[in-house]
Amino acid sequence: DTGVSQNPRHKITKRGQNVTFRCDPISEHNRLYWYRQTLGQGPEFLTYFQNEAQLEKSRLLSDRFSAERPKGSFSTLEIQRTEQGDSAMYLCASSSRTNSPLHFGNGTRLTVT
Amino acid sequence: AQTVTQSQPEMSVQEAETVTLSCTYDTSESDYYLFWYKQPPSRQMILVIRQEAYKQQNATENRFSVNFQKAAKSFSLKISDSQLGDAAMYFCAATTSGTYKYIFGTGTRLKVLA
């Protein structure tokens with residue numbers, strides 16, 4: 001169990017630029033989640049994959065956000081035309097079964113200037 | 001809709017003492033699961049303890065235990081013999097069999113005083 005890996009750890013970008021984050025889940029986990037966390041708040045659900053299928057997406061997620069999980073392994077989260085309000089910690093988590101505990105990565109901290 | 005509420009933004013405890021963190025939840029589902037997660041400063045979130053709603057017995061993990069009051073929809077975390085390493089943000093979370101989402105509370109910052 002090498003844990004959930006997220007890259008990069010930090011990303012600073014200018015408003016209007018596109019950014020992409022990567023998440024490598026625990027290898028035997030077929031469930032993968034993206035969450036967003038702002039200062040003083042709990043993680044907010046963004047999207048969920050079971051294998052390569054994106055089964056749920058938050059209504060709060062604008063069209064500028066897209067996530068993929070090709071071949072059911074790693075996942076990417078892309079934010080297009082970034083805005084200052086996108087500044088947050090983006091967390092990835094994986095699990096092996098429904099309702100089992102989530103295993104989190106260290107997160108990617110995005111700062112939009 | 002499923003909600004999780006943590007009403008204590010910050011708590012302090014003296015080293016070696018006991019502290020209880022509060023959490024209430026709301027769900028219309030009968031099959032659900034509750035969790036406490038710990039997030040140390042600048043470190044990843046890790047599971048502290050888990051409780052299945054169908055189990056009447058309160059979960060325990062070493063110095064950590066829960067007080068699960070199903071009728072009151074309350075799920076508090078008790079930390080005994082507090083240690084400096086317990087200082088962190090603690091998040092309560094819930095999920096149900098009818099959804100893929102895990103809903104988190106806003107967290108409680110625990111300070112441990114030497």
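In the block above lies the structure referred to throughout.
Residues numbered from 1 in each chain as written. Chains lettered and ligands numbered in written order. Predicted model: local features only at pLDDT ≥ 70, side-chain atom pairs only at ≥ 80, totals over all residues. Heavy atoms only, no water.

**Q** Which parts of the structure should I look at to understand unusual backbone geometry?
**A** Glycine aside, residues mostly have negative phi angles, and peptide bonds mostly take the trans form. The omega torsion of the bond from Asn7(A) to Pro8(A) falls at -5°, within 30 degrees of zero and hence cis. Assignment of secondary structure puts Pro8(A) in the loop between strand S1 (5-7) and strand S2 (10-13). In this structure, Lys71(A) takes a positive phi of about 65° despite not being glycine. The topology assignment puts Lys71(A) in the loop between strand S7 (65-68) and strand S8 (75-79). For Lys73(B), which is not glycine, the phi dihedral falls at a positive 55°. Topologically, Lys73(B) is positioned in the loop between strand S8 (64-69) and strand S9 (74-79). Under the relative-accessibility criterion, Lys73(B) is labelled partly exposed at 27%. (Helix = DSSP H or I, 4+ residues; strand = E, 2+ residues; numbered from the N terminus. Buried < 20%, exposed > 50% of the residue type's maximum accessible area, 1.4 Å probe, protein only.)

**Q** How should the packing of aromatic side chains be read in this particular structure?
**A** The relative placement of two aromatic rings is captured by the distance of their centres and the angle of their planes. The final tally for this structure, using the stated rule, is 17 aromatic pairs over all chains. Ring geometry for Tyr33(A) against Tyr102(B): centres 5.4 Å apart, planes inclined by 90°, an arrangement best described as edge-to-face. Of the two residues, Tyr33(A) is situated in strand S4 (residues 31-37) and Tyr102(B) in the loop between strand S10 (88-96) and strand S11 (103-104); the pairing between them involves two chains. For the pair formed by Tyr33(A) and Tyr102(B), the shared burial category is buried. Arranged with centres 6.4 Å apart and planes meeting at 85°, the rings of Phe68(B) and Phe75(B) form a pair that is edge-to-face. (Phe/Tyr/Trp six-rings, centres within 6.5 Å; stacked < 30°, edge-to-face > 60°.)

**Q** Can you walk me through the pairing of S10(B) in this structure?
**A** Here is the key point about a regular strand: its side chains alternate between the two faces of the sheet. Residues and elements named next belong to chain B. Counting buried positions along S10 yields 9 of 9 residues, so the element is predominantly enclosed. In this sheet, S10 lies alongside strand S5 (residues 32-39) in antiparallel orientation, the contact comprising 8 bridges. The partner of tyrosine 37 across the bridge, within S10, is phenylalanine 91. As paired strands, S10 and strand S12 (residues 108-113) are joined by 3 bridges and run antiparallel to one another. The residue bridging methionine 89 from the neighbouring strand is arginine 109, located in S12. Of the pairings in the sheet, the one linking S10 to S11 comprises 2 bridges and is antiparallel in character. If you follow alanine 94 over to S11, its bridge partner there is isoleucine 103. (Pairing = 2+ DSSP bridges.)

**Q** Can you walk me through the side chain of Lys38(B) in this structure?
**A** All names here are of chain B. Its location among the elements puts lysine 38 in strand S5. Buried within the structure, lysine 38 lacks any salt-bridge partner; aspartate 86 is the closest side chain of opposite charge, at an N-O distance of 4.3 Å. In this structure the side chain of lysine 38 is engaged in a polar contact, spanning 2.8 Å, whose partner is the backbone oxygen of glycine 85. (Lys, Arg positive; Asp, Glu negative; His and termini not counted. Salt bridge = Lys/Arg side-chain N within 4 Å of Asp/Glu carboxyl O. Polar contact = N/O pair within 3.5 Å; in protein donor to acceptor, adjacent residues only side chain to side chain.)

**Q** Teacher, can you tell me more about the interface of chain A and chain B here?
**A** Size of an interface, as often reported, equals the accessible area lost when the parts are brought together. Taken together, the 23 residues of chain A in the interface contact 21 residues of chain B. For the chain A and chain B pair, buried surface summed over both sides reaches about 1,800 Å², with 54% attributable to carbon and sulfur atoms. Area buried by chain A at its contact with chain B is led by Asn99(A), Pro101(A) and Phe104(A), which between them contribute 33% of it. Run the count over chain A and chain B and you get 1 salt bridge. Ionic pairing is found between Lys101(B) and Glu56(A), a salt bridge with its closest N-O pair at 4.0 Å. Connecting chain A to chain B are 8 residue pairs in polar contact (both at pLDDT 80 or more). Elements with a minimum of two residues in the side of chain A that touches chain B: S4, strand S5 (44-50) and strand S6 (53-57) of chain A. (Contact = heavy atoms within 4.5 Å. Buried area = accessible area lost by both parts, 1.4 Å probe.)

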